[in-house]
Amino acid sequence: MQQQQPPQKWLQFLRWFCKDDFIEEIEGDLTELFEKRADHSVALARRHFMWDVIKTIRWINMKKRKIESITMYAIDNYLKIYFRRFRRGFLHYSVNILGLVLGFTVLFFVLLYSNDEMKMDSYHSKSDRIFRVIEKSETEEGTNYYSSVANPMAPAMKADFPEIVESASMVYFGSATYTYKDKNIANRNYAIVTSGFFNIWDISILNGNPLKDYQGLAGVVLSEDFANSLFGDEDPVGKVIETRLDKTEVLAVMKNMPKNATYQFDIFFVTDINKWDGRISQFFKSWDSHFMATWVLFREGTGPDDVLPKTDAFLSKYMNDDQKREHQIGFQNIQDMHLHSDHLTEAGGDPLRAIPYSNNQFVYIILIIGACVIIIASLNFINLSSVQALKRTLEAGIRKVNGASTKQLRIQLFVETFITILLAFILSWVLIALLLPYFNYLTGKTMYFDEFFSLDLVGYQLAAFTTTWILSALVPAVYYAKLDRAIFMTKNAFAGKGDRLRKAFVLVQYTISMGLIIGVVVLYNQLNFIQNKNLGFDNSGLITLDINSGKARGSFKGIKDGIAKHPGVVNVTTTTRVPGEWKNLPESDLLLSKNAEPITASHYGFDSDGISTYGFKIIDGSDFSGNDASDTLKVILNETAVKSLGLEDPVGKSIWIQEDTLSRFQVIGVVEDFHFESLYEPIKPVFITSWNNPIMVIDYFVIRYNGDPKQVLTHAENVNAEFDPETPAEFNFLDEQWRRYYKADETRGNFIMISAILSVLISVIGLFGMIHYTVERRTKEIGIRKVIGASIPTIIKLLLKDYLVLLCVAMLIASPLAWYMLNDWLATFAFRIDLSIWIFAFAFLVVLLVSFMTVISRVYSMAKSNPVNSLRYE
Amino acid sequence: MKEQSIGEFEELVLLNVAALHDEAYGVSILENLENKLSKKVNISAIHVALKRLETKGFVTSRFGGITGDRGGRRKKFYVITAAGKKVLDDVYSLRTSLYQQIPNISFN
């Protein structure tokens, strides 16, 4: 019988890793076992052999590769010395590493955050070529930008510009419900799109075909999650559901939108404009309606620059010169949507954004903060490690006497710094992994740890690592080079060397930390101020119930009376809009006489309970009478409107309101100014008409309640269902809706606060290290002073004086810088706090106290010590 | 020098080396052990135990002659040393003396 051979690959592998001394025995035994087993089954024997080889991979069996080069010996020695020192000076090293860990952690979080912000909507494979059309309108009142553009823009652009290979319209019409069998779900995360959309965005279809022909006005594409909640286990494709566009066929199911998409759509209505008829078809084709978001895809190698010069001629085909001036065309790349949309004015047809627009500036601010913190941490690290290195002159001296060159001493420093930074790096990774959930909570993001190792971020990490490494090893290395051999042999050869540099570093650290602390104090004061400012009415204790159907709107009086019956309900009103409105707030022109200069004012329509439900104060005239017929052409103005119009003694006077037509209204009352927008905005003119006004239909019930809101909610829901069983009730608490104005600021505030606290902490750690070193160095001096008769306070003063001066100087530098920047930020608010000297004083005191509390015990124990001991020192 | 100690598995291997006197090498120890224990043992565990026993000075080793089997590799034979024997004796007497201290327990 042919002798079976063991698997050669594995045998070679074994020979490769196994020690030469052992290979004879191990290979022999394994082969023998293989031969014996192969008598039964060769396959089994081979498998056993592999397993045996794997089990043989043990440290004891491994070839130990001899370290041949001198350098490796040296590094081996450096490592040994490093870890010995680490054990001896554990406090010093851990303080040093802790500072770095905190610095890196902040930096990494900042990187994660800003990376996530900048990558918003970049997941589309063609994202470089996907643009949104923006209209710029130049009028006397100023320049406005809109993302809702003329309705026929999409087909016209595709037809007229060869550079644009695909285009699509996208529009949104407010609330929507979806019914399948007995399930009925409301969901506003939808958009009505034309079929081109699926060639522009990356939408991964799981099942079905979104471009399939459909019956009726539109077909729908549902997200996985939404399809699940509506259909459960059934296959949705091909089923017909009841939607706001009547009976609609489900064409396809798509994957949920990725988490870094601005829009988290659950439903796409896919429609073909040609299928609509009558008024709506007119609407879709009208160049006077600007309601559609329009997406275009450029041909490869082309971009907006190729098209922009031709847009004027393009628009001339559809508009006259005046209209053109109000509707100039621009393009915005889809990746810029998240951070570069601050200039856009909210308009009707924009779908709901799941992730609100953010702004570029804040990303830069936190990048700067991240950089500041890592600068503080590195300076700290440089200070502490150079102090440590200078104390080791004796070791350096001996190395030199034994023939080490300065270069080798420097290499030693680099190696040691490398290890320290590596340790700090790893620890901060761990810290990030642990803290990520809290961080996500704080910033309202969903980030995962693995994102941290994405290619870009690894690059930044490497850059941070190398910079810190080289800089912090460089400073002590330079000192080493300067010294001659003789001096090396004394223990404190470097005493006092580089003090000025170190103090400069401390100064920079404290300047930055104080600046951050001042920033935080101001930020929180301001946010506190605007959140507690009297709005002119009480926004807590108010619930809004959306009127989302014609049925509810038609029977609003019945619903209102029904809701009012509950004992927990103090007041109910029906209104068109609410103060702190989250949909768009309509504006109209008010005129004193038919041909007078108009002023723009925001419009609210209330019934006769409106003023009292909100708690506005009527300072002149009266509320609506409650008689619908006579109220319809009455108007109540706010103080600002009265002032802007220049009305004197307004009650009883007539004004003209320009909507589609010009109509005459009688002023019956004046209401005290109240805030209806965020406090970034000043109070603007407002006019309040009766609910049955010609401008806008009612859209909300607003309930002022007492006690437990839960019961009121259930009650209102039941009443609503009685009159309109199909539409689910949609409730909001008004004060929560107000909070959304300041959400971004709060996130920013938290972010800056944490970095500020950490930066102070790192600076304090640094100061502690420095004082520790100073005290150690001046042990003998203090002993002598004590013998001569210095008191404990004198010595404490002696040690702390320098640093106190440093802190004061830091304050002097930080204050004007912080003042300048914060003033800019505060200027964005219409209502703001003053920057008082106390804020600065407070920040200074906090930093001072925290710093000196940390070092005082060390200094005090030194000052108290027996001079006999200190004189014997060295 | 510190008193050398011996682990349970090492003790088993050492007993095998002693029992298989002059015929003890990896595979024979493995087979004997698997027989006695009636469970699978991995060869590399035995190798490691033998290495440890050798550094502790409980066994010595020599190579056998080259044969056509084993891919031309020689067998490495292990023999127990006096120190190894002594350690086995110590363990044995310790166990026996402890065992004899057990009172007569009835498990019925």
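**Q** With reference to specific residues and values, describe unusual backbone geometry.
**A** In this structure, D121 of chain A takes a positive phi of about 60° despite not being glycine. Tracing the chain through its elements places D121 of chain A in the loop between α5 (90-118) and β1 (130-139). Taking the number of C-beta atoms within 10 Å as the measure of exposure, D121 of chain A has 21 and is therefore buried. One non-glycine residue, S38 of chain B, lies in positive phi territory at about 45°. Residue placement: S38 of chain B occurs in the loop between α2 (26-37) and α3 (43-55). The exposure class of S38 of chain B is exposed, given the 7 C-beta atoms found within 10 Å.

**Q** Mind laying out the environment of A24 of chain B, listing which residues take part and the relevant values?
**A** All names here are of chain B. As for its placement among the helices and strands, A24 is situated in the loop between α1 (8-19) and α2. A tally of 24 C-beta atoms within 10 Å means that A24 is categorised as buried. For A24 and Y78, which are 54 residues apart along the polypeptide, the C-alpha to C-alpha distance reads 5.5 Å. In this structure A24 touches N16, V17, I29, F77 and Y78, once residues within four positions along its chain are discounted.

**Q** Go over the interface of chain A and chain B, please, and point to the residues and values.
**A** Facing 16 residues of chain A, the contacting portion of chain B comprises 16 residues. Those elements that place two or more of their residues in the side of chain A that touches chain B are α2 (20-38) and α3 (42-56) of chain A. Take the side of chain A that touches chain B: its biggest share by element is 11 residues, from α2 of chain A. Taken together, the residues of the side of chain A that touches chain B sort by class into four nonpolar, three polar and nine charged.

**Q** Tell me about the nonpolar core, and name the residues and values.
**A** Residue and element names in this part refer to chain A. Residues V373, M514, I517, I518 and A843 are the most contacted members of the largest nonpolar core, which totals 69 residues. Secondary structure elements with two or more residues in this core: α5, α13 (360-390), α15 (406-443), α18 (499-532), α26 (743-777), α28 (792-826) and α29 (837-864). Other than its neighbours up to four places away in sequence, M514 contacts A810, M811, A814, A843, F844 and V847.

About the cut-offs
- Every chain's residues receive numbers from 1 upward, in the order its sequence appears when written.
- Think of it this way: whatever chain is written first is A, whatever ligand is written first is 1, and the rest follow in order.
- The model is predicted, so local features are restricted to residues of pLDDT at least 70 and side-chain atom pairs to those at 80 or more, both for listing and for counting; the totals for chains, interfaces and linings are taken over all residues.
- Strands here are runs of E lasting at least two residues and helices are runs of H or I lasting at least four, both read from the DSSP assignment and numbered beginning at the N terminus.
- Three classes are used. A residue is buried when 20 or more other C-beta atoms lie within 10 Å of its own, exposed when 12 or fewer do, and partly exposed in between, with C-beta atoms placed from the backbone.
- C-beta atoms are first placed from the backbone for all residues, and any pair lying within 7 Å is then listed as a contact.
- Note that Gly is not counted as nonpolar here; it falls among the polar residues with everything else outside the nonpolar set of Ala, Val, Leu, Ile, Met, Phe, Trp, Tyr, Cys and Pro and the charged set of Asp, Glu, Lys and Arg.
- Think of a nonpolar core as buried Ala, Val, Leu, Ile, Met, Phe, Trp, Tyr and Cys residues chained together by C-beta atoms that fall within 7 Å.

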